[in-house]
Structure formats: C-alpha cells, structure tokens
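# Architecture and fold: a report
Next come the chains, spelled out residue by residue.
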Amino acid sequence: MSLNDYKTYFKQHTLLKITSLNSLVICVKLFVSVFIQNLLAETVGASGLAKVGQIRNLIGIVTSTSSLGVFNGVVKYTSELKEDKALLNKMFSTTFIFIVVGIICSSLTLLLFSNTITIYLFGDSEFVFVIKLLAVIVPSIALNRVFSGVLNGLSAYKKYAKIELFSYLLSSVLFVSFLLQFNLDGVLVAIAITPILQLLVSVFVFGKTLKKYIKLDTLKLNNIYLKGLLVFTIMSLVSTVLLNFVEIDIRTQISNRISEDEAGNWTAMLFLSKNYMVFSSGLFTLYVIPKFARIQAGMEFKKEVIHIYKTLIPLFGIGMVVIYLFRNVITHIIYPDFDAMEPLFKWQLLGDFVKIASLVIAHQFLAKKMLVSFIVTEIISLALFYGLSMFLVDIYGTEGVVMAHFFRYIIYFFMVLIIIWYSFKYNKISGSKP
C-alpha cells in the first residue's frame with residue numbers, strides 16, 4: 001500500500017481515528033498524571049492516598065445517583081434520534097426530570113447524613129466539610145454527565161477530546177495548587193469541585209451544539225422514554241454504585257486487616273489502572289454503544305466484535321506488556337517508596353486485559369437494554385470480586401485483591417459470551433426502539 005492508500009484507509013476507519021485521537025489525549029493526561037501522582041504520594045503518603053481513593057469512589061456514586069444513571073441512555077437515544085428533533089426533545093424533557101429528582105435526592109442525602117458518610121469513609125468526622133461541599137456541587141455533576149452523554153451519542157470525538165484535555169489540565173492545576181497550599185484537605189476539596197470546571201469546559205466547547213440538540217420548552221415525562229431511561233437507571237445503580245461501594249469496603253477491609261499503607265498501595269494500583277483504562281471508556285461510549293445500537297443480526301454483531309478485537313486488543317496487549325516490563329521504573333518514578341505495590345502489577349494487568357475483551361461484548365447489554373442479563377452478570381461479577389477478595393486477602397495479603405480482579409473477569413467473560421450467543425441464537429435481542 002502507498003502512503004496515500006494508508007491515509008485514505010485511516011480517514012475511512014472511524015475506530016482508528018477515535019483511537020488515535022484518544023491516544024493523544026491519554027498520553028498528555030498520563031504525562032501530567034505522573035507528576036501529580038508523584039507529588040501526591042510524597043506529600044500525603046500511602047494513608048492519604050487511601051483517603052483520596054475513598055472520596056473518588058464517593059464521587060463515582062454521586063455521579064450515578066445525581067443523574068439517575070441516564071448517561072448510557074442519553075448516548076443510545078441521541079445516537080438513534082439525532083435526525084428526529086421532535087423525539088429527541090421528548091427524550092431530553094424526560095431526562096431533565098430524571099436529573100432534577102436525582103439532584104434533590106443526592107444533595108439531601110449528602111447534607112443530612114454528612115457526618116455518617118464521613119465516618120464510614122474515613123473512620124472519623126474530620127472531613128465532614130468535604131461531604132457538605134460535594135452536596136452543593138451535585139447539580140454540576142449531573143448536568144455534566146448528561147452533556148457528556150449527548151457528546152458521545154453524536155460521536156463528536158474531536159470535541160470530546162478537547163473537553164477531556166482542557167478540563168483535565170484545568171483540574172490538574174487546581175489539584176496541585178490546593179495540594180501545595182492545604183495538603184490533604186486541599187486535595188479532597190479540589191477533587192470535590194472539579195466537576196464545576198468540567199461543566200464549564202463542556203459548555204464553552206460544546207455550547208452551540210448543545211443548543212442545537214437540546215431545546216426544552218417544557219419539562220414533561222414521556223412514557224416511552226420514561227420506561228427506556230429507567231432501564232439505564234437500574235443498570236447504572238447496579239454497576240456504578242455497587243462497584244464503588246465494593247471498592248470502598250475492600251479498601252476499608254485492607255486497612256483493618258493489614259494496614260492503611262497497604263490500602264494506599266492498592267489505591268495507587270487502581271489509579272494507574274484507571275488512567276490507562278480511560279482510553280477504552282471513551283471508545284465504548286463514542287463508538288461501541290452507538291454502533292451496537294444499530295446492529296440487529298448476529299453475524300453483523302460478530303463481524304463488528306472481531307473488527308474491534310483486531311483493532312484494539314493488540315494495542316492494549318502491547319501497552320500492558322510494556323507497563324509490566326517497566327513496572328519497577330513506573331513505581332519508582334510515580335510512587336517512590338511504594339515498592340510493595342510492584343507484585344500487584346501482574347494480576348491487575350491480566351485482569352484489565354480480560355476486562356477490555358469482556359466489556360466490548362458486554363456493551364451489547366447497554367446498547368440493547370438487556371436489563372436482566374446486565375443485572376445478573378454485574379451482580380455475579382461484583383459478588384465474585386468481593387467474595388474472592390475477602391477470601392484471598394487473608395492468604396496473599398493485598399495481592400489477593402488483584403488476583404480476585406483477574407479471576408472475576410475470566411468468569412465474567414464466559415458468562416457474557418454465553419448470554420450474547422444464546423440471545424442471538426434464539427432471537428432474544430430487542431430492537432433499537434425505546
């Protein structure tokens with residue numbers, strides 16, 4: 001192939017274009033993250049890092065509850081209805097009623113139970129002010145989640161990349177400034193108010209497009225989209241909320257059974273994992289869900305999955321091998337004095353590799369609103385992770401938790417594969433209508 005042939009192939013290959021642009025953003029974020037994580041580790045130590053992990057998990061829960069988990073629903077319906085403004089407006093009208101309810105419930109819960117939540121997360125009420133601050137910021141979290149769903153549904157990957165990059169850089173400046181001035185208190189506050197920056201960047205970059213697609217004369221529930229979005233609400237509450245609760249509890253168990261420093265080592269490993277796994281999350285919402293939502297035939301689905309695997313899996317595999325080979329260097333550069341986390345790399349990377357392969361096909365559940373299949377597999381997966389972690393941590397220490405992560409996704413992969421195969425074979429896949 002000539003150079004022009006490669007250029008033409010690349011231009012026609014949507015997945016490659018999204019991947020390459022996403023890669024650029026991720027590389028910049030990873031470069032900045034190395035500096036931030038190093039500074040954070042040296043300033044607050046492993047025990048402080050564990051507390052940072054707790055507040056990030058809480059924000060993960062609030063992100064789901066404040067928007068009532070409509071993100072994937074907004075992605076799906078925006079992708080399907082972007083040419084039908086009347087139906088799109090009905091969907092958004094229902095969506096904003098959802099987030100009003102979610103905002104009120106989330107804010108009141110954080111305010112009324114701020115002391116209880118703080119003690120549950122940190123063991124005392126020292127950081128109760130952070131929980132109260134988060135309660136005030138809840139509307140920004142919910143709105144940002146919906147706007148992000150619109151962006152992904154339109155597959156506007158260039159604007160998505162800009163928003164991701166600008167908001168990350170701004171939040172990084174805020175994070176470092178607060179860390180240097182106020183230590184751990186400042187870090188927790190910076191994490192809590194980051195959603196405001198993300199919302200402002202989204203409106204600045206994406207404002208004109210939002211005005212074009214979101215036109216609300218009145219807020220009114222539409223029964224069709226009410227039922228459709230409720231499916232995604234249940235899915236999000238089961239996956240996102242339960243996952244964050246599980247991570248919070250596992251971190252607490254590591255602190256109690258071993259030490260808070262060991263909880264910090266596991267949190268550092270999770271931070272690294274989530275940094276490179278962000279690469280896949282954008283691809284799933286920008287490409288996989290919209291693509292799967294339009295696929296009806298089993299052979300077409302199989303062809304698309306193979307296409308995604310051939311494009312992505314080798315890239316992830318090579319990247320993870322490189323990370324493993326240079327794990328000692330990565331640890332010493334990013335987390336000095338965190339030598340105890342080096343044995344965690346092998347199992348975490350293996351688990352993440354299988355996770356990528358699993359999530360590609362599991363996004364069919366979201367694209368086709370396969371509620372029962374999604375809930376059953378998620379609950380079994382989380383139960384396996386929690387149960388295996390509690391069993392293995394007493395035998396292998398913190399390494400037992402990442403071993404549980406790997407074993408869990410091996411089982412999850414085969415569960416999802418069997419369910420998807422059965423669904424297509426016996427015509428159980430629903431259409432794309434709400």
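Residues numbered from 1 in each chain as written. Predicted model: local features only at pLDDT ≥ 70, side-chain atom pairs only at ≥ 80, totals over all residues. Heavy atoms only, no water.

## Observations regarding the overall build of the chain
Each helix and strand in the chain was counted, giving 14 helices and zero strands. Ordered by position in the sequence, the α and β elements of the chain form the string α-α-α-α-α-α-α-α-α-α-α-α-α-α. The proportion of buried residues among the 434 residues of the chain is 56%. Accessible surface computed for the chain: about 19200 Å², of which carbon and sulfur atoms make up 66%. (Helix = DSSP H or I, 4+ residues; strand = E, 2+ residues; numbered from the N terminus. Buried < 20%, exposed > 50% of the residue type's maximum accessible area, 1.4 Å probe, protein only. Areas by Shrake-Rupley, 256 points an atom, 1.4 Å probe, with all protein chains shown as cover.)

## Some remarks on the layout of surface pockets
Its boundaries defined by the atoms lining it, the largest pocket holds a volume of some 400 Å³. What lines the largest pocket is a set of 17 residues, among which Leu30, Val34, Ile323, Ile330 and Ile334 lie closest to the centre. Counting residues per element, the ones that place at least two in the lining of the largest pocket are α2 (14-66), α9 (260-293), α10 (298-325) and α11 (327-334). For the lining of the largest pocket, the residue count by class is 13 nonpolar, four polar and no charged. The computed volume of the second largest pocket comes to approximately 280 Å³. Contributing to the lining of the second largest pocket are 15 residues, with Leu58, Ile61, Thr109, Ile117 and Phe245 lying nearest its centre. Elements represented by at least two residues in the lining of the second largest pocket include exactly α2, α4 (85-112), α5 (114-122) and α8 (223-257). For the lining of the second largest pocket, the leading source of residues is α4, giving five residues. Of the residues assigned to the lining of the second largest pocket, the class counts are 11 nonpolar, four polar and no charged. (1 Å grid on protein atoms, 1.4 Å probe; cavity = no way out; pocket = protein on both sides within 12 Å on 5 of 7 lines; lining within 4 Å. Points joined across faces, edges and corners; volume = space filled by probe spheres on them. Nonpolar A, V, L, I, M, F, W, Y, C, P; charged D, E, K, R; others polar.)

## Some points on the nonpolar core
Tyr335 and Met341 are the most contacted members of the largest nonpolar core, which has 131 residues in total. With sequence-adjacent residues up to four places away left out, Tyr335 is seen in contact with Gln37, Ala41, Leu49, Ala268, Phe271, Leu272, Ile330 and Met341. (Core = buried A, V, L, I, M, F, W, Y, C linked by side-chain atoms within 4.5 Å. Contact = heavy atoms within 4.5 Å.)

## A closer look at a nonpolar patch on the surface
Residues Ile318, Val321, Val322, Tyr324, Leu325, Phe326, Val329 and Ile333 make up a contiguous nonpolar surface patch of about 740 Å² in total accessible area. Secondary-structure elements contributing two or more residues to the nonpolar patch are α10 and α11. At five residues, the largest contribution of residues to the nonpolar patch is made by α10. Summarising the element assignment, Val321 is placed in helix α10. (Patch = residues over 30% accessible without salt bridge, like charges linked within 9 Å, V, L, I, M, F, W, Y side chains within 5 Å. Salt bridge = Lys/Arg side-chain N within 4 Å of Asp/Glu carboxyl O.)

## Focus on the packing of helix α3 (residues 71-81) against α4
Where α3 contacts α4, the two axes come as close as 9 Å, and the packing angle between them is 165°. Relative to α4, the element α3 is oriented roughly antiparallel. Once α3 is placed against α4, the crossing between them reads as left-handed. The segment α3 lies against α4, with Val74, Tyr77, Thr78 and Leu81 engaging Lys85, Leu87, Leu88, Met91, Phe92 and Thr95. Looking at the contact of α3 with α4 residue by residue, the classes come out as seven nonpolar, two polar and one charged. (Axes fitted to C-alpha atoms, helices over the stretch in contact; angles between N-to-C directions. Parallel < 35°, antiparallel > 145°, perpendicular 65-115°, else oblique. Left-handed = near helix turned anticlockwise from the far one by under 90°.)

## Details of the side chain of Ser114
Positionally, Ser114 belongs in helix α5. Of the polar contacts made by the side chain of Ser114, one reaches the backbone oxygen of Leu111; its length is 3.4 Å. Not counting residues within four places of it along the chain, the set of residues in contact with Ser114 comprises Thr109, Val128, Ile131 and Lys132. (Polar contact = N/O pair within 3.5 Å; in protein donor to acceptor, adjacent residues only side chain to side chain.)

## A word on the pattern of salt bridges
One pass over the full model with this rule turns up three salt bridges. With a closest N to O distance of 3.0 Å, Lys51 and Glu260 form a salt bridge. With a gap of 209 residues between them, Lys51 in helix α2 and Glu260 in helix α9 connect regions that are remote in the sequence. A residue is classified by how much of its surface remains accessible, and Lys51, at 15% relative accessible area, is buried. Across the salt bridge formed by Glu247 and Lys274, the nearest N and O atoms sit 3.0 Å from each other. Of this pair, Glu247 sits in helix α8 while Lys274 sits in helix α9, and the two are 27 residues apart along the sequence. Overall, the relative accessible area of 40% leaves Lys274 in the partly exposed class.

## Remarks on unusual backbone geometry
Positive phi values are uncommon outside glycine, yet Asn183 reaches one of about 60°. With respect to the helices and strands, the residue Asn183 is situated in helix α7 (residues 157-213). With a phi close to 70°, Asp337 is a non-glycine residue in the positive phi region.

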